[in-house]
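# Structure assessment
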Amino acid sequence: MSVTGLLLCGGSGSRMGFDKLLAPLGGSNALERSARLLLQGGCERLVAVTAPAAYPCALALSRELPLSLCLGGESRFASAVNGLALCPDGKEDVLVIHDGARCFTPPAVVKRCIDSALSCGSGVAALPISDTVMEKRGDSYAPVDRSGLLRIQTPQAFLAPLIKKAYALSSPLEATDDSTLYLRRIGVPVYVEGDELSRKLTTPADWAWARSLCLVPRTGLGFDTHVLAPGRRLVIGGVEIPFEKGLLAHSDGDVLLHALMDALLGAAALGDIGRHFPDKDPAYLNISSRVLLRQVGRLLEENGFSVAHIDATVIAEAPKLNPYFPQARQNIGADLNIPADRISLKATTTENMNDEGRGLCISAQAVASLQERQ
Ligand code: MG
């Protein structure tokens, strides 16, 4: 007894506008994801049937995984026939046929299909229909009783001799999947519970859904403190605040934006503001920290990050900062191109204790949450 996964990767992805099986997806690609989920679900080895463009990727994967490969044909049927020729055909051998474009299928679904094939000869992933279904009749439509309808997915597992026989007796244009051939040539297959995650990546909307599954949350922490001194402007959150002192710094000393930039860079693991904007560099003398924040925003964008949320606290005995925070939130939102309601700003004192409480300095702490687009 053996369990072989037959991975069909012969499609060109013409409806997507790019090769959906090879495009980066969550630090990997659909082809590799599909191969790994079949192995995780219980396949002992794989046969990948690929289009010429995907062949090098599958070849590289074959050095890491128990995978052999061949080129696909003109149709799904022809590709499956090419792959079946490389699969074992013992009467207890199980073949698990899977579309490479269904790369989020939970391994538990693969296992359900295999278990069903071992006990009943077949196991085909399927789901009921929850939407109302209409059938066009002339110029009108009539509702269809959906209680007996199934959406057929892959994986589809079969005892090898049975599915090979079904293919041998069928013609290329007869069906769009393996279970239909089995139904017509062998008998009614056993349908097991599929999963919405088995969605086939076909359209740009499918691709957007796939990318949303690959967003990785990241969090960063920032802290900064600057000495209060006479003769300096006090700038917090890009707002000039009337006060008898300002913050000493090479730049405008905007302690809030400095803590915030460190939080953003930290979440992206891109270093800190000292690395990106050295305080010895004359280019940054008295520069508005909002200019630097915009540069950090661009850097995040270039590296595939988007800002989900920011929370910051400014620690100052005086002046009162809350009246200036609405404008500061607007500034930060404009510089990072995010809505102000994703930006939380707070102020606190230290009850006349510490250097902040004695009015010697102002400090700020910030936490930033990013999403990584992979
Ligand atoms: Mg600073």
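None of these values were measured; they are calculated from a predicted model. Numbering of residues begins from 1 in every chain and follows the order in which that chain's sequence is written. Reporting of local features is limited, given that this is a predicted model, to residues whose pLDDT is at least 70; pairs of side-chain atoms are given and counted only at 80 or more, and all residues count toward the totals for whole chains, interfaces and linings. In computing side-chain properties, one takes all heavy atoms of the structure into account and sets aside hydrogens as well as water.

## So, the coordination of the magnesium ion
The protein atoms donating to the magnesium ion are Asp224 (OD), His226 (NE2) and His258 (ND1), with metal-donor distances spanning 2.0 to 2.3 Å. In the primary sequence, the donor residues of the magnesium ion line up as D-x1-H-x31-H. Pair noted here: Asp224 is in strand β10 (residues 216–230) and His258 is in helix α8 (residues 255–267), with a separation of 34 residues, a long-range link. Residues Asp224 and His258 agree in their burial class; the two are buried. Each metal site is built from N, O and S donor atoms within 2.8 Å (3.2 Å for Na, K and Ca), and since water is not included, such sites may look incomplete. A run of DSSP states H or I qualifies as a helix once it reaches four residues; a run of E qualifies as a strand once it reaches two. Both are numbered from the N-terminal end. Accessibility here uses a 1.4 Å probe with only protein chains present; expressed as a share of the type maximum, an area under 20% marks a residue as buried, one over 50% as exposed, and anything in between as partly exposed.

## Here we look at the pattern of salt bridges
A side chain of one charge can pair with a side chain of the opposite charge if their charged atoms are brought near each other. Each salt bridge in this description consists of a side-chain nitrogen of Lys or Arg and a carboxyl oxygen of Asp or Glu lying within 4 Å of one another. Considering all chains together, one arrives at 18 salt bridges under this definition. Here Glu64 ties to Arg36 by a salt bridge, and the two come within 2.6 Å at their closest N and O atoms. Remark: Arg36 occurs in helix α1 (residues 30–40) and Glu64 occurs in the loop between α2 (55–62) and β3 (67–71); sequence separation between them is 28 residues. Judged by relative accessible area, which is 27%, Arg36 ranks as partly exposed. Of the charged contacts, one joins Asp178 and Arg76 as a salt bridge, the two residues approaching to 3.0 Å between their closest N and O atoms. Taken together, the positions of Asp178 in helix α6 (residues 178–185) and Arg76 in helix α3 (residues 76–84) put the pair 102 residues apart, joining distant regions of the chain.

## As for the sheet that holds strand β1 (residues 3–9)
Criterion used throughout: strands pair if DSSP finds at least two bridges between them. Spatially, seven strands are ordered β3-β2-β1-β4-β8-β5-β9 in an open sheet, and the strand pairing comes out mixed. The open sheet terminates on both sides in strands that have one partner only, identified here as β3 and β9 (191–193). Strand after strand, the sheet turns through a mean of 25 degrees between neighbouring axes, direction not considered. Bridge count between strand β2 (residues 45–50) and β3: five bridges; the pairing is parallel. By the bridge assignment for β3, Leu46 is matched with Leu67. The strands touched by α1 within the sheet are β1, β2, β3 and β4 (94–99), with β1 carrying the most contacts at an inclination of about 165 degrees. Comment: axis = line fitted to C-alpha atoms, over the contacting stretch for helices; angle = value between 0 and 180 degrees taken between N-to-C directions. The criterion used for residue contact is that any of the two residues' heavy atoms lie within 4.5 Å.

## Some words on the environment of Ser68
Of note, Ser68 is situated in strand β3. In this structure Ser68 comes out as partly exposed when scored by relative accessible area, which is 25%. Setting aside chain neighbours within four positions, we find Ser68 in contact with Arg45, Leu46, Val47 and Ala48.

## Some points on the sheet that holds strand β13 (residues 245–247)
Read from one edge of the open sheet, five strands run β13-β10-β16-β14-β15, paired in mixed fashion. Two strands lie at the open edges of the sheet, namely β13 and β15 (343–348), each paired on one side alone. Put simply, the sheet's adjacent strands are angled 20 degrees from each other on average, direction ignored. Pairing between β10 and β13: three bridges, direction antiparallel. If you follow Pro230 over to β13, its bridge partner there is Lys245. With respect to the sheet, helix α11 (residues 325–336) is in contact with β14 (305–315) and β15, its orientation differing from that of β15 by roughly 140 degrees.

## Points about the packing of helix α5 (residues 160–168) against α6
At a closest axis distance of 9 Å, the pairing of α5 and α6 adopts a crossing angle of 85 degrees. In terms of axis orientation, α5 runs roughly perpendicular to α6. Counting all contacts with α5, which are made through Leu162, Ile163, Ala166 and Tyr167, the residues of α6 involved are Asp178, Leu181, Tyr182 and Arg185. Under the grouping applied here, Gly and all other residues not named as nonpolar or charged are polar, the nonpolar ones being Ala, Val, Leu, Ile, Met, Phe, Trp, Tyr, Cys and Pro and the charged ones Asp, Glu, Lys and Arg. Across the contact of α5 with α6, the residue classes break down as six nonpolar, no polar and two charged. An angle below 35 degrees is treated as roughly parallel, one above 145 as roughly antiparallel, one from 65 to 115 as roughly perpendicular, and anything else as oblique.

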